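Observations on the three-dimensional arrangement
So the chains spell out like this:
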Amino acid sequence: MAAASSSLSEDQFLCSICLDVFTDPVSTPCGHNFCKNCITEHWNINVHYQCPNCKKVFDTRPELQVNTFVSEMVSHFRQSAQQRASSSEQQAAEPGDVPCDVCTGPKVKALKSCLVCLVSYCETHLEPHLTASGLKRHQLIDPVENLEGRMCTKHDKPLELFCKTDQMCLCMLCTVLDHKSHDFVPLKEEYERKKSKLRKTEAEIQQMIKTRRLKIQGFQRSVSISRKNADREIANSNHVFTELKEAIERHQAKVIKMAEEKHRMTEKQAEGFIKKLEQEISELKKRSSELEQLSRSEDHLNLVQKFPSLDAAPPTKNWIEVKVCLPSYEGTVRTAVDQLVEMLKNEMKKLLTKFELKTVQQYAVDVTLDPDTANPRLILSEDGKQVHDGTVWKDLPENPKRFSRGLCVLGKQFVSSGKFYFEVQVKGKTKWALGVAAESVNRKGPITASPNNGYWTIGLMNEIIYHAPTETLVPLSQKLKPEKVGVFVDYDEGLVSFYDDAAALIYTCTGCSFTEKLHPVFSPFANQDGKNSAPLIICPVNPT
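The structure contained in this document is the topic of the report that follows. What you are looking at is a predicted structure, and each value in this text was computed from that prediction instead of being measured. (Residues numbered from 1 in each chain as written. Predicted model: local features only at pLDDT ≥ 70, side-chain atom pairs only at ≥ 80, totals over all residues. Heavy atoms only, no water.)

1. Things to note about the overall build of the chain
Looking only at helices and strands, the chain features 8 helices and 24 strands. Here the chain has a C-alpha radius of gyration of 53 Å; the compact-globule value for 544 residues is 24 Å, and the former is much larger. Across its three principal axes, the chain shows a C-alpha extent of roughly 175 × 95 × 55 Å. Buried positions account for 33% of the 544 residues belonging to the chain. Taking all contacts inside the chain whose residues are at least 6 apart in sequence as the whole, residues at least 24 apart take part in 56%. Accessible surface for the chain amounts to roughly 34300 Å². Of this, 54% is attributable to carbon and sulfur atoms. (Helix = DSSP H or I, 4+ residues; strand = E, 2+ residues; numbered from the N terminus. Rg over C-alpha atoms; globule rule 2.2 N^0.38 Å. Buried < 20%, exposed > 50% of the residue type's maximum accessible area, 1.4 Å probe, protein only. Contact = heavy atoms within 4.5 Å. Areas by Shrake-Rupley, 256 points an atom, 1.4 Å probe, with all protein chains shown as cover.)

Here you go:
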């Protein structure tokens, strides 16, 4: 018994009404324990016989049974508490502590305050309240100061009631004299009501805290997303400007090379002229030396004989009209800059389209074909990723979703808000059409693909890409056929864009008015004796 009680705390022996150790513990039919006097007074005050713990209501006043087991445990607990109190040193009261009102010497820290005696007691002086039958009924609480404030200043009686009319605490005499016609309740009842309200307020505050923490998390997620988007934008800008810088440097190198080539041609021409002139100067110097030597000769016969050959000037070129042809450098930079601007425009368009495609690819959806919508001639792969014309009409049950004449099939997935992207391989096909279609499109008659009829598509026929803004096909491009086409939908902005495998924008439908779900739509067209037998294949999206 001693070993068992040593592991039990005082809270296990407290009455939930008086919040003190049980006195004459009794049990209710629902199994909860209370002091006999506490539960009796509680039912005397309240009309309904309700358990203060589980709130169970009894039709008639229950017969209270003495709980002998709890009584023995409480008795043993009190004895253990007294032994511990007598054997332990009591803590002296420090600043901020409630001192014992009974201690005559050094004030000891109070253990409990009695709301009946209006006195605070240390462990030693509290003992009578734990053992004396008359004192055991007193209400003990954790030590508090200013117990006199719990007395009515006018009648010097305990404040035991609460006036709901004046919202103030009263003693018994106040209800007879000053608050006779007022609405008042026992202080404990008002305590329970306000405590319940405090719990509700606390719950509301906790919910407010939770809401604000979730808001903080939302802000933090926004910052994190912004950081990722900023990093991606910085990386994209670095890539774009690096490529543009390299393109400018290549163009600059081209201008420098051109200028240097012009200069080298001029330099080569000048060097040729200079070489010839230096040769003529050498010949002239030789002739001048011979003439000087002959003019000094005293040999009359020799001078006369050589004179004819030396008197004539040596053969030379007339250099008066000869000039170095200076190349024109004017306009080179302007022409180069004009070419550079045009080149940059094209490069920027390519790069921006490439990064635009990379941006929309983040909205990729794993699209699969819906066999319930497939025309009876179409053959779908088991994984729902490929479709081609099987040339034979299969005998399939009637289905309102199925296309009966047009060789079309829809995707299971749809978009009704936000953004949506998927890619389709069209390699090896001579005819095809794909895009998105409204869920309500007519599937039982001939198909005229146009926005007015709920289709936003492009297609290939006769080596040319077409789109259909009205009921008439309009050519888009005569360039090489794409091997893969990406389809992007911004439902809220009313936009459908198509991209080729070179990350170039094929076409954009803008200003669309979407009012219902949009499904991917695919048409592989007829087999054409094997010429168009290749399937349309929904591809996994790999960012460019």
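Now, onward.
2. Regarding the sheet that holds strand S10 (residues 168–170)
Spatial strand order, S10-S9-S11: 3 strands in an open sheet with antiparallel pairing. Unpaired on one side and paired on the other, S10 and strand S11 (184–186) mark the two borders of the sheet. The sheet shows a mean angle of 35° between the axes of neighbouring strands, taken without regard to direction. As judged from the 3 bridges shared by strand S9 (residues 161–163) and S10, these two strands associate in the antiparallel manner. The partner of Cys163 across the bridge, within S10, is Met168. Together, S9, S10 and S11 form the strand contacts of helix H6 (residues 187–295), whose direction differs from that of S11 by roughly 90°. (Pairing = 2+ DSSP bridges. Axes fitted to C-alpha atoms, helices over the stretch in contact; angles between N-to-C directions.)

3. A short note on the pairing of strand S17 (residues 455–461)
Burial analysis of S17 places 6 of its 7 residues in the buried class, which makes it a mostly covered element. Adjacent in sequence and paired antiparallel, S17 and strand S18 (residues 464–467) are bridged by 2 residues, among which Asn462 carries a positive phi angle near 55°.

4. Quick word on the sheet that holds strand S7 (residues 119–121)
With antiparallel pairing, 3 strands are arranged side by side in an open sheet as S7-S6-S8. Each edge of the open sheet carries a strand with a single partner, namely S7 and strand S8 (140–141). Where strand S6 (residues 112–114) lies against S7, 3 bridges are found, and the strand directions are antiparallel. Directly across from Lys112, in S7, lies its bridge partner Tyr121. Seen against the sheet, helix H4 (residues 123–131) touches S6, S7 and S8 and runs at an angle of roughly 110° to S7.

5. Regarding the packing of aromatic side chains
Taken as a whole and assessed by the stated rule, the structure comprises 8 aromatic pairs. With a centroid separation of 6.5 Å and an interplanar angle of 75°, the aromatic rings of Trp43 and Phe58 are classed as edge-to-face. A residue pair is termed long-range when its members are at least 10 positions apart, and Trp43 in helix H2 (residues 36–45) and Phe58 in strand S4 (residues 57–58) qualify at 15 residues. A relative accessible area of 2% places Trp43 in the buried class. An aromatic cluster of at least three residues, connected via ring pairs, comprises Trp43, Tyr49 and Phe58. (Phe/Tyr/Trp six-rings, centres within 6.5 Å; stacked < 30°, edge-to-face > 60°.)

6. Overview of the nonpolar core
With 41 residues, the main nonpolar core has Trp432, Trp456, Val496, Leu518 and Phe522 as its most contacted residues. No other element matches strand S16 (residues 432–438), which puts 5 residues into this core. Contacts of Trp456, omitting those with residues within four sequence positions, involve Gly435, Val436, Ala438, Pro451, Val496, Phe498, Cys509, Cys512, Phe514 and Leu518. Membership of the second largest hydrophobic core comes to 18 residues, among which are Phe22, Cys35, Phe58 and Val74. (Core = buried A, V, L, I, M, F, W, Y, C linked by side-chain atoms within 4.5 Å.)

7. Remarks on the pattern of salt bridges
Any two side chains of opposite charge can pair, given that their charged atoms come close. Under the defined criterion, the tally for this structure stands at 10 salt bridges. Here Arg193 ties to Glu190 by a salt bridge, and the two come within 2.6 Å at their closest N and O atoms. Within this pair, Arg193 and its partner Glu190 are both found in helix H6, separated by 3 residues, close to a single helical turn. Accessibility expressed as a relative area gives 41% for Arg193, which makes it partly exposed. Residue classification places Glu190 among the buried positions, given a relative accessible area of 3%. Across the pair Lys194 and Glu190 runs a salt bridge whose closest N-O atoms are separated by 2.3 Å. Of this pair, Lys194 and Glu190 both sit in helix H6, 4 residues apart, which is roughly one turn of that helix. It is possible to trace a salt-bridge network through shared partners that takes in Glu190, Arg193 and Lys194. (Salt bridge = Lys/Arg side-chain N within 4 Å of Asp/Glu carboxyl O.)

8. Topic: the state of the cysteines
With the rule as written, the count across this model stands at 0 disulfides. The structure places no disulfide on Cys103, whose sulfur is separated from the nearest cysteine sulfur, that of Cys100, by 3.6 Å. Under the relative-accessibility criterion, Cys103 is labelled buried at 10%. (Disulfide = S-S within 2.5 Å.)

9. Concerning H4
Taken residue by residue, H4 has Leu126, His129 and Leu130 as its buried positions. The arc that holds every buried residue of H4, seen down its axis, measures 95°, which confines them to one face. (Arc of directions from axis to C-beta.)

10. Examining the environment of Thr515
As for its placement among the helices and strands, Thr515 is situated in the loop between strand S22 (505–509) and strand S23 (518–523). Distance from Thr515 to Ala438, taken between C-alpha atoms, is 8.6 Å for residues 77 residues apart in sequence.

11. Description of the side chain of His138
Within the secondary structure layout, His138 lies in the loop between H4 and S8. Look at His138 and you get buried, because its relative accessible area is 15%. Within the structure, the side chain of His138 is placed 3.4 Å from the side chain of His129, a separation counted as a polar contact. Apart from the residues within four sequence positions on either side, His138 is in contact with Asp20, Cys114, Val116, Cys117 and His129. (Polar contact = N/O pair within 3.5 Å; in protein donor to acceptor, adjacent residues only side chain to side chain.)

12. Considering the side chain of Lys385
For Lys385, the position within the fold is in the loop between strand S12 (378–380) and strand S13 (386–389). A residue is classified by how much of its surface remains accessible, and Lys385, at 17% relative accessible area, is buried. A polar contact of 2.7 Å, which involves the side chain of Lys385, links it to the backbone oxygen of Val367. The residues touching Lys385, leaving out its near neighbours within four places in the chain, are Asp366, Val367, Thr368, Leu369, Leu536, Ile537 and Ile538.

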